[in-house]
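Summary of structural features
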Amino acid sequence: MRHGSIPNLTLYLKITVMVGAIAISQPYARSQAVDAVSKTSFDAVTERLDKGGDFYMYLSTAEWLQSLFSTIDRFSAPAKLQAKTDADAQRAMEGLALFKTALATSGLGEVSGVGISSIPASDQMHHNKFYLHRYPTDNPGKVWQLLGDRHDLAEGLRWMPPTTAYASYGSFDIGMFWTWLNDLIRNSDSAEWNEAWQSGLAGITNAGVDPAKLFESVGAKNGCIFTVNDERTFPYQLKDGREVVVPDMGFVIFAKVRNPYIFDLIDERIQGNPNVEREDSDSLKLRAIPLPLPLPVVLKPTIAVYDGYLLIASNVDLLRQVIAVQKGERPGIATTDEYKNLQWKLPNTGSGFKFLSRRLSENVATIVTSIADNPATSEEDRLFLDMISDWYKNGFFLSVAENTDTGYVVTANSNQSVGKAIPAQMMVAPTAIVAGMMLPALSKAREKARRINCAGNLKQIGLGCLMYSGEHNGNFPERLGLLSEEGYLQAGKVWGCPSAEIECGTADTTNYTYVGNGLRDDVDAPQLTIIAYDNPTNHPAGAWINVLFVDGHVQGFPMSDIESVARQHGLNLDGN
């Protein structure tokens, strides 16, 4: 029996292992087919994204937005506790209520998910997509109404000359935004907000401007153009005397208008200026105002009304170029190779587009680098400028935005992948914060070291003066230059304060002030009698002065002028 039971034991072990395996595997199998408890926009978002690239992300925002709204309510208690008076508490509550109303009516709460994707289009270009999904509603929030509908983007392109280096065009209903903001404040429970709003409007009205007419006159289509003309350059002198060649730059702002209210308003204000260039025809009304300023670019502010658009330009020549492009008399940006290459797989219709040319990035990076290389630029400013230069270097993009019933889609071709751009942008704030925290401390440490070196320089000068007086009947030299001429002190760096902006290498150009002429080394109080000191401008903000005394010791004072130092510390500045 004992031997006969072994097969049964083996069978039992096999069955136990199989049951255990099934028990273990069942939870895993179920996890592969888990159904979401609540509905998400995953499918709706991901079907608009590009798969197989180097970046792909989906985020459901429903719970996050609900948490945001509930968090606003939780601010009430801390705001009341922080308020010093009941009036302050009431003001804080009213401000939170207004913000919550604005957020609720904005339509941002309708966003159900966010998706981002990026695929390499070539070695130098990435095709990126950003999608804010929302479910269709009969009455969408104000944000979705303000962004306008899809239309032919060629209407905006027709304004842009080939020299366009940055352009933005799209739909944004300024009049609707004004009405929304006006209603939010007027209908709020805050008497203080209403009073401040009405006071501000009254001030604008008293200046001869009707705010309602101003905003209602502007339509929903508008854009801006920044041009860089590399064929026309100007020399620009930096503070350190170096010359940087900059291209001619200009700008044009244009907006569809319902009436010429803004143009007429400005025209009325400049009627008395005889130097204004004027043109009035059936299709064009133009006013150009010359400015007698020595600038490296052409600046002649110009305003015009043409073809139902209001245009404001940096100079009249550029405005006429833009109009010539719009008429079809001159080629526009759409004919350039750069723009054509960036159009790869981008839609021709949408609510707007943005364009950045590599030419602008390169010029900005060059100018910023030139400023950063200035020896007078502080370490803090240089670090910030280098960061800007890196951002702009070789940067370019063309993006098209589409505002649809199911959300907001941005499709862009750029030199950067979203996978690289997002982490880089995420690091900007921490880097800036760390730099902001560390650089002042490092700057203080550097300045402290410079003060110590400065004191060492003065001690050497003092030693040279004592050596001179020992061989000249106890008299100090009439001027510091005698120390060099007679061989008592030759080191070039001794004559310059390390903190001073201007480097000094000789006794005749020293930025130390010498008052030892007429003094002797046997004065009654050598430890209180000043022989030389820092110029007040040597150290940053005049916050420090190193002082050399007849006995050879040096002492630093956190003050801005030597007279105050002598008066407050009982020192002899004139040798008496």
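Small disclaimer: the values here were computed from a predicted structure and weren't measured.

1. Notes on the overall build of the protein
Assigned secondary structure in the protein consists of 18 helices and 19 strands. Every one of the 576 residues in the protein was classed for burial, and the buried ones make up 40%. A separation of at least 24 residues holds for 62% of the contacts in the protein among residues at least 6 apart in sequence. When the accessible surface of the protein is split by element, carbon and sulfur atoms take 57% of a total near 32400 Å².

2. What to know about the nonpolar core
Core analysis: the largest hydrophobic core is formed by 32 residues, its most contacted members being Trp159, Met160, Phe254, Leu311 and Phe353. When residues in this core are grouped by element, the largest group, five residues, is from helix H12 (residues 316–327). Not counting residues within four places of it along the chain, the set of residues in contact with Phe254 comprises Gly156, Trp159, Met160, Tyr169, Asn222, Gly223, Cys224, Ile225, Tyr309, Leu310 and Leu311. With 26 residues, the next largest nonpolar core counts Ala455, Ile461, Tyr468 and Cys497 among its residues.

3. Digging into the pairing of strand E15 (residues 407–414)
Most of E15 sits out of view: seven of its eight residues are buried. Where strand E3 (residues 126–134) meets E15, eight bridges bridge the pair, whose relative direction is antiparallel. Note on E15: the bridge partner recorded for His127 is Asn413. Pairing geometry for strand E14 (residues 397–404) and E15, over eight bridges, is antiparallel.

4. Considering the packing of helix H5 (residues 86–106) against helix H8 (residues 174–186)
Remark: H5 packs on H8, axes separated minimally by 10 Å, with the N-to-C direction vectors making an angle of 140°. Taken together, the axes of H5 and H8 are oblique relative to one another. When you trace H5 past H8, the crossing you get is right-handed. Residues Leu98, Thr101, Ala102, Thr105 and Ser106 of H5 touch H8, and the partners they reach there are Trp180, Leu184 and Ile185.

5. Brief notes about helix H18 (residues 562–569)
Restricting attention to buried positions, one finds in H18 the residues Ile562, Ser564, Val565 and Ala566. On its buried side, H18 packs onto strand E17 (530–534), strand E18 (545–549) and strand E19 (554–557).

6. Observations concerning the pattern of salt bridges
Working definition: two side chains of opposite charge can pair if their charged atoms are close together. Tallied over the full model, the rule gives 14 salt bridges. Of the charged contacts, one joins Glu279 and Arg320 as a salt bridge, the two residues approaching to 2.9 Å between their closest N and O atoms. Taken together, the residues span a long stretch of sequence, with Glu279 in strand E8 (residues 277–280) and Arg320 in helix H12 at a distance of 41 residues. Via salt bridges that share partners, Glu277, Glu279, Lys300 and Arg320 belong to a single interconnected network.

7. Remarks on the side chain of Asn572
Of note, Asn572 is situated in the segment after H18. A distance of 3.3 Å separates polar atoms of two side chains, one belonging to Asn572 and the other to Thr529. Residues contacting Asn572, with those up to four places away along its chain left out, are Ala525, Leu528, Thr529 and Ile530.

8. Structural notes on the sheet that holds E17
Pairing within the open sheet is antiparallel, and its four strands lie in the order E16-E17-E18-E19. Sheet topology places strand E16 (512–514) and E19 at the edges, where each strand pairs with a single neighbour. For this sheet, the mean inter-axis angle between neighbouring strands, taken without regard to orientation, is 25°. Lying over the sheet, H18 contacts E17, E18 and E19, oriented at roughly 60° with respect to E18.

9. Some thoughts on unusual backbone geometry
With a phi angle near 60°, Lys345 is a residue other than glycine that sits in the positive phi range. Along the chain, Lys345 falls in the loop between helix H13 (337–342) and strand E12 (349–350). Although it is not a glycine, Asn473 sits at a positive phi angle of roughly 55°. Looking at the secondary structure, you find Asn473 in the loop between helix H16 (418–470) and helix H17 (481–485).

10. Some remarks on helix H9 (residues 191–206)
The terminal C-alpha atoms of H9 lie 22 Å apart, and with 16 residues this matches the ideal 22 Å at 1.5 Å per residue to within 8%. Asn194, Trp197 and Leu201 are the residues of H9 that are buried. Down the axis of H9, the smallest arc covering the buried residues is 70°, so these residues share one side. Seen from the buried face of H9, the exposed residues on the opposite side, beyond 90 degrees, are Ala191, Glu195, Ala196 and Asn206. Residues of H9 that are buried sit in contact with H8 and helix H10 (211–216). Positive backbone phi, at 90°, marks Gly208, one or two positions downstream of H9.

11. Side note on the state of the cysteines
One pass over the structure, following the stated rule, counts zero disulfides. With no disulfide of its own, Cys497 lies closest to Cys454 among cysteine sulfurs, the gap being 3.8 Å. Accessibility expressed as a relative area gives 4% for Cys497, which makes it buried.

12. Some details on the packing of aromatic side chains
Describing an aromatic ring pair means giving the distance of the ring centres and the angle of the ring planes. Here the structure, examined in full by the defined rule, presents 13 aromatic pairs. Within the aromatic cluster, the residues linked to one another by ring pairs are Trp159, Tyr169, Phe254, Tyr306, Tyr309 and Phe353. Looking at Arg48, its charged tip hangs above the ring of Tyr131, at a distance of 5.3 Å from the centre.

13. Section: the environment of Ile225
Along the polypeptide, Ile225 turns up in strand E6 (residues 218–237). When the C-alpha atoms of Ile225 and Ala313 are compared, they prove to be 9.2 Å apart, with 88 residues separating the residues in sequence. Not counting chain neighbours up to four residues away, the residues in contact with Ile225 comprise Trp159, Met160, Pro161, Thr164, Tyr166, Gly250, Phe251, Val252 and Phe254.

14. Describing the environment of Glu486
With respect to the secondary-structure elements, Glu486 resides in the loop between H17 and E16. Given the relative accessible area of 41%, Glu486 is considered partly exposed. Put simply, Glu486 and Tyr468 are 18 residues apart on the chain and 8.8 Å apart in space, counted from C-alpha to C-alpha. Glu486 has contacts with Tyr468 and His472, leaving out every residue within four places of it along the chain. Of note is the side chain of Glu486, whose polar atom sits 3.4 Å from the side chain of His472.

So, how was this worked out
- Residues numbered from 1 in each chain as written.
- Predicted model: local features only at pLDDT ≥ 70, side-chain atom pairs only at ≥ 80, totals over all residues.
- Heavy atoms only, no water.
- Helix = DSSP H or I, 4+ residues; strand = E, 2+ residues; numbered from the N terminus.
- Buried < 20%, exposed > 50% of the residue type's maximum accessible area, 1.4 Å probe, protein only.
- Contact = heavy atoms within 4.5 Å.
- Areas by Shrake-Rupley, 256 points an atom, 1.4 Å probe, with all protein chains shown as cover.
- Core = buried A, V, L, I, M, F, W, Y, C linked by side-chain atoms within 4.5 Å.
- Pairing = 2+ DSSP bridges.
- Axes fitted to C-alpha atoms, helices over the stretch in contact; angles between N-to-C directions.
- Parallel < 35°, antiparallel > 145°, perpendicular 65-115°, else oblique.
- Left-handed = near helix turned anticlockwise from the far one by under 90°.
- Salt bridge = Lys/Arg side-chain N within 4 Å of Asp/Glu carboxyl O.
- Polar contact = N/O pair within 3.5 Å; in protein donor to acceptor, adjacent residues only side chain to side chain.
- Expected span 1.5 Å × (residues − 1).
- Arc of directions from axis to C-beta.
- Disulfide = S-S within 2.5 Å.
- Phe/Tyr/Trp six-rings, centres within 6.5 Å; stacked < 30°, edge-to-face > 60°.
- Lys NZ or Arg CZ within 6 Å of the ring centre and 35° of its normal.

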